[in-house]
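Remarks on the overall topology
The residues making up each chain are set out below.
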Amino acid sequence: MVIEAICEVEMRYSFLVLILALFAAPVFAGAAEGGEQFLRTHCASCHDLNGPAPQTIRQLWKRDAPDLFYAGNKYRREWLVEWLQKPVRIRPAGVNYLRHINSTPPKDQKKKAGRQYDVLWGEVLKPLKHVRLDRKKAEMVADVLMSMVPNYALTANEKLDTSKKVTLDDGEVLIDKVHGCLSCHQIEPGYGGYTGAELYTAGKRLQPAYMLSYIRHPKQWDPKIWMPGYPKMPEEDLQKIVNYLILLAKEDFNASN
Amino acid sequence: MHPINLILMGFFFLGFTCSLHAEEAYLNYKTYCMQCHGMHGKGDGVNVPAMNVLPRDHSDNKYMMTRTNTEIYKAIKFGGPAVNKSVKMPAWEDTFTEEEIQQLVGHIRTLCCEQELVRGVNFR
């Protein structure tokens, strides 16, 4: 009887503590942690912040947003700060294109030489839905993202050779005719394939070392990603392509429209 | 156990393993090949309108019957240039294992040449 009574009191007490903890915890944590806390509460529901990248196709199909656990190896900080204030879509077919391609579309399908093709549909046809941050918060989140560098070993030995100069025309030949990147990637808005990330912003979005490493061995970053690796690409071509992407990103693509 | 039961069980496991392999190749095809060769392998993928060389229509029985399994295998593993085709077909060497490529060849044969498969044609 006595023991039961004690138990009851204890339970009530623990319940109280629990309630207190629930209310008090976010306040304290928010004040102390800032950017990291923001990432955990606002980003973790879609983005993977802990890794590892999907290991099977079925896991890959469940991915909602780009993995951020190696963000510090991948992005340029200036770009992150800018993008977080003004988020736009980077991959025309979405991060998970299996959700956005339709094979039996209605009449509005694209035609080329009288043939019909699969089309994009659903969410990717609307503007991107993403949290929009003010400058102060964006810088705070970018700082935290840039500190996440688990794949340092992959980029450590990559170095951009800026002496491999390339013109816009030569670069386009490399991208289109020599290595065929244009089938999936766009080098200006609306020119190129849909399933890859846009290349005309890659130069300001990504670190050169990341581009060098990723083009050669994308599977080291993301084991099941649909980009094929180019381990046999000549070193000179690779350097030229990355130099071209950096040059391309300096173009103003909003000038004409 | 009665011998007939054993035989039936054998058939069951045979069927089971076959369907498992077919699904893996199907998943691979739907994930990687579909971007250009289309959901049903008709060479009508979502990327095609922007391309200057059209991807192969895998349901084109007439053309696909002129290709050997070795050629299809090479095209997947080493890319288009390995079989005198376009660079638009990249090498998938680092994406698929040996076994997965062989299963994909089999999957492509089911898309193009189901009747010949049933008849037992040797694709070499």
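First things first, this report covers the structure right here in the doc. Residue indices begin from 1 for each chain and proceed along its sequence in written order. Chain letters and ligand numbers both follow the written order, the letters beginning at A and the numbers at 1. Selection of residues for local features in this predicted model requires a pLDDT of at least 70, selection of side-chain atom pairs for listing and counting requires 80 or more, and totals for whole chains, interfaces and linings are taken over all residues. The side-chain figures draw on all heavy atoms in the structure; neither hydrogens nor water molecules are used.

**A closer look at the packing of aromatic side chains**
Let me state the cut-off plainly: Any two rings among Phe, Tyr and Trp, with Trp reduced to its six-membered ring, count as a pair given centres within 6.5 Å; such a pair is stacked if its planes are under 30 degrees apart, edge-to-face if over 60, and tilted if neither.
If you walk through the whole model with that rule in mind, you get ten aromatic pairs over all chains. Members of the aromatic cluster, joined through ring pairs, are A:Phe69, A:Tyr70, A:Tyr210, A:Tyr214 and A:Trp221.

**Describing the packing of helix α5 (residues 77-85) of chain A against helix α6 (residues 135-146) of chain A**
Residues and elements named next belong to chain A. Heads up, the condition is: Fitted lines through C-alpha atoms serve as axes, helices being fitted only where they are in contact, and the angles separating the N-to-C directions of these axes extend from 0 to 180 degrees. Only DSSP runs of H or I with at least four residues qualify as helices, and only runs of E with at least two residues qualify as strands; both kinds are numbered from the N terminus onward. In these notes the angle categories are as follows: under 35 degrees is roughly parallel, over 145 is roughly antiparallel, 65 to 115 is roughly perpendicular, and the rest is oblique. Two helices cross in a left-handed way if the nearer one is turned anticlockwise from the farther one by less than a right angle. They cross in a right-handed way if the turn is clockwise. Contacts are residue-level and defined by heavy atoms, with any inter-residue pair within 4.5 Å sufficient. For this scheme, ten residues count as nonpolar: Ala, Val, Leu, Ile, Met, Phe, Trp, Tyr, Cys and Pro. Four count as charged, namely Asp, Glu, Lys and Arg, and the remainder, Gly too, count as polar.
Two elements in contact, α5 and α6, have axes whose closest approach is 9 Å; the angle formed by their N-to-C orientations is 135°. Taken together, the axes of α5 and α6 lie oblique to each other. The handedness of the crossing between α5 and α6 is right-handed. Together, Arg77, Leu80, Val81, Leu84 and Gln85 of α5 and Arg135, Ala138, Glu139, Val141, Ala142, Asp143, Leu145 and Met146 of α6 make up the contact between the two elements. The residue makeup of the contact of α5 with α6, split by class, is eight nonpolar, one polar and four charged.

**Notes on α5(A)**
Working note: α-helix, 3.6 residues per turn, so residues spaced by three or four point in the same direction. The criterion, for reference: A 1.4 Å probe rolled over the protein chains alone gives each residue an accessible area, and that area as a share of the maximum for its type sets the label: buried under 20%, exposed over 50%, partly exposed in between.
Restricting attention to buried positions, one finds in α5(A) the residues A:Trp79, A:Leu80, A:Val81, A:Trp83 and A:Leu84. Its buried side turned inward, α5(A) meets α6 and α9 (202-205) of chain A.

**Some remarks on the interface of chain A and chain B**
Counted only if it meets this: Simply put, the buried area is the total loss of 1.4 Å probe accessible area from both parts when two parts are fitted together. Here a salt bridge means any side-chain nitrogen of Lys or Arg lying within 4 Å of a carboxyl oxygen belonging to Asp or Glu. Side-chain atoms alone can form a polar contact between residues adjacent in sequence; in general such a contact is a pair of N or O atoms within 3.5 Å, and within protein one must be able to donate a hydrogen while the other accepts it.
If you look at the interface, chain A gives 37 residues, while chain B gives 33 residues. Roughly 3000 Å² is buried in total at the junction of chain A and chain B, and carbon and sulfur atoms are behind 54% of that figure. At the junction of chain A with chain B, the criterion picks out two salt bridges. A:Asp176 serves as the salt-bridge partner of B:Lys88, at 2.9 Å between the closest nitrogen and oxygen. At the junction of chain A and chain B, the tally comes to 14 residue pairs in polar contact (both at pLDDT 80 or more).

**Section: the packing of helix α8 (residues 168-178) of chain A against helix α12 (residues 235-248) of chain A**
Residues and elements named next belong to chain A. Relative to each other, α8 and α12 sit at 120°, their axes nearing to 9 Å. As the angle between them shows, α8 and α12 are arranged oblique. Along this stretch, α8 crosses α12, giving a crossing that reads as left-handed. Packed against α8, whose contacting residues are Leu168, Gly171, Glu172, Leu174, Ile175 and Val178, the element α12 presents Asp237, Lys240, Ile241, Tyr244, Leu245, Leu247 and Leu248 at the interface. Looking at the contact of α8 with α12 residue by residue, the class counts come to nine nonpolar, one polar and three charged.

**Looking at the side chain of A:Ser183**
Looking at the element boundaries, A:Ser183 is found in the loop between α8 and β5 (186-188). Residue classification places A:Ser183 among the buried residues on the basis of a relative accessible area of 2%. Not counting residues within four places of it along the chain, the set of residues in contact with A:Ser183 comprises A:Gly193, B:Asn47, B:Met51 and B:Lys88.

**Side note on the environment of A:Val124**
All names here are of chain A. Tracing the backbone through its elements, the reader meets Val124 in the loop between β4 (119-120) and α6. Residue Val124 is classed as buried on the basis of its relative accessible area of 10%. In the structure, Val124 is positioned 23 residues away from Ile101 in sequence and 9.6 Å away in space, judged by C-alpha atoms. Apart from the residues lying within four places of it in its own chain, the contact partners of Val124 are Arg89, Pro92, Ala93, Gly94 and His100.

**Structural notes on the state of the cysteines**
Residue and element names in this part refer to chain B. Counted only if it meets this: When the sulfur atoms of two cysteines come within 2.5 Å, that pair is taken as a disulfide.
Applying the stated rule across the entire model yields one disulfide over all chains. Linked covalently through their sulfurs, Cys112 and Cys113 form a disulfide whose S-S length is 2.1 Å. Taking the sign of the S-S torsion, about -85° here, the bridge from Cys112 to Cys113 comes out left-handed.

**Notes on the environment of A:Leu80**
Residue and element names in this part refer to chain A. Within the element layout of this structure, Leu80 appears in helix α5. Overall, the relative accessible area of 5% leaves Leu80 in the buried class. Leu80 sits 61 residues away from Val141 along the chain, and the two C-alpha atoms are 8.8 Å apart. In this structure Leu80 touches Tyr75, Ala142, Leu145 and Met146, once residues within four positions along its chain are discounted.

**Comments concerning the pattern of salt bridges**
All names here are of chain A. For the coordinates displayed, the defined rule picks out 17 salt bridges over all chains. Note that Asp143 and Arg77 form a salt bridge whose closest N and O atoms lie 2.8 Å from each other. Placement of Asp143 in helix α6 and of Arg77 in helix α5 is noted, with a sequence separation of 66 residues between them. Residue Asp143 is classed as partly exposed on the basis of its relative accessible area of 43%. A relative accessible area of 28% places Arg77 in the partly exposed class.

As far as function goes, none of this settles anything; it's purely spatial.
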